[in-house]
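Structural overview
Given next are the chains, with one letter for each unit.
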Amino acid sequence: MAGGSTKAVITALFANITIAVMKFVAFLLTGSSSMLAESVHSVADSGNQGLLLLGGKRAKRDASPEHPFGYGRERYVYSFLVAIVLFSVGGLFALYEAFQKWQHPHPIEGFWWWLPPVVLIGAIIAEGFALKTAIVESNRVRGKQSWAEFVRKAKSPELPVILLEDTGAITGLIFALLGVSLTLITGDSIWDALGTGMIGLLLVIIAIILAIEMKSLLLGESASRSNIESIKEAITADGGTKIIHLKTLHLGPEELLVAAKIAIERSDSGQDVAEEINGAERRIREAVSITCVIYLEPDIYSAKAAATNDGA
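In this report, we go over the structure that sits alongside the text.

The rules we used
Residues numbered from 1 in each chain as written. Predicted model: local features only at pLDDT ≥ 70, side-chain atom pairs only at ≥ 80, totals over all residues. Heavy atoms only, no water. Helix = DSSP H or I, 4+ residues; strand = E, 2+ residues; numbered from the N terminus. Buried < 20%, exposed > 50% of the residue type's maximum accessible area, 1.4 Å probe, protein only. Contact = heavy atoms within 4.5 Å. Areas by Shrake-Rupley, 256 points an atom, 1.4 Å probe, with all protein chains shown as cover. Lys, Arg positive; Asp, Glu negative; His and termini not counted. Charge placed at Lys NZ, Arg CZ, Asp CG, Glu CD. Patch = residues over 30% accessible without salt bridge, like charges linked within 9 Å, V, L, I, M, F, W, Y side chains within 5 Å. Salt bridge = Lys/Arg side-chain N within 4 Å of Asp/Glu carboxyl O.

**Observations regarding the overall build of the protein**
- When helices and strands are tallied, the protein shows 10 helices and three strands.
- Ordered by position in the sequence, the α and β elements of the protein form the string α-α-α-α-α-α-α-α-β-β-α-β-α.
- By the burial criterion, 48% of the 312 residues in the protein qualify as buried.
- Partitioning the intrachain contacts of the protein with sequence separation of at least 6 by distance along the chain shows that 76% fall at a separation of at least 24.
- Looking at the protein as shown, the accessible area adds up to about 15,000 Å², and 64% of this sits on carbon and sulfur atoms.
- Positive and negative side-chain charges in the protein, numbering 27 and 32 respectively, have mean positions lying 2 Å apart.

See below:
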């Protein structure tokens, strides 16, 4: 896991553990369903950050005979588990709690009525700090991409996951604050139930978005368009080598498989072919910043084959 991703995950982890304790204490003292939903939400987020850190550690294992290309994709597996936890432990639990509170409403009463708003405001500040860290670290790598493009196209899963989680956390806290505040003002706990339900729907939507993106990465995505263009330019930079077709696949966020069939002349000797392949491999590694596993196959150029087999 890259340093920026690790920093964002650890910042979010400490923020969520602290917030979870405060929310749970507020729930015990007031019985607010919004506070219970937010408590479980923060516990789920804390577990999710632990999963991201575990996935990053396990992905660093050396390649083995059973896994000759290494374990880089394990980061995608753990990020997919994050989506499952967010959907079930966070979203579905909040929806269930909202239904229960709707069926059996009870107002927020007693000496500690003021505690939920105070805790929620403090949590918004803490989550805001965690989100700011994630934004700063994401800006180092997203370039000119919009935020939607960054979440959609990023090959490293941690920063998009943290961005979505923290954005969802702040939005959920605002829903909870509105629900609790309206309950305190009106004395009607239906508002608390509505706030809890909005939190549940929000978490379910975020979990589905994460699951879709992580599924795409697990199935295997090609290199970014800029990297594909850089690889093509590197292969043909000597002025004589042509590409018949090219395929790329991310073995992990920072490792790329490059497989290409390149054209050679019928008159080329074995030494000529070897020099062309070695030169192309060297140029690819110089052109692309991430680690590349490269397989180049020499063949006689065919315009028909190049037209039907071109791809990334």
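So, next bit.
**Some points on a nonpolar patch on the surface**
- A cluster of nonpolar residues, Ile17, Val21, Val25, Leu29, Trp112, Trp113, Trp114 and Val118, forms a patch on the protein surface that exposes about 710 Å² of accessible area.
- Mapped onto the fold, Ile17 is located in helix H1 (residues 3-30).

**Some words on the side chain of Lys23**
- The residue Lys23 is located in helix H1 in this model.
- Excluding residues within four positions of it along the chain, Lys23 makes contact with Met35, Glu38, Ser39, Ser42, Val119, Ala123 and Leu173.

**Re the environment of Ile19**
- Residue placement: Ile19 occurs in helix H1.
- The buried category is assigned to Ile19, whose relative accessible area is 1%.
- Taking C-alpha positions, Ile19 is 44 Å from Pro65, a pair spaced 46 residues apart along the chain.
- Setting aside anything within four residues of it in sequence, one finds Ile19 in contact with Ser42, Ala123, Ala126 and Glu127.

**Let's talk about the environment of Ile209**
- You can see Ile209 is positioned in helix H7 (residues 190-219).
- On a C-alpha basis, the gap between Ile209 and Val161 in space is 9.9 Å, while along the polypeptide they are 48 residues apart.

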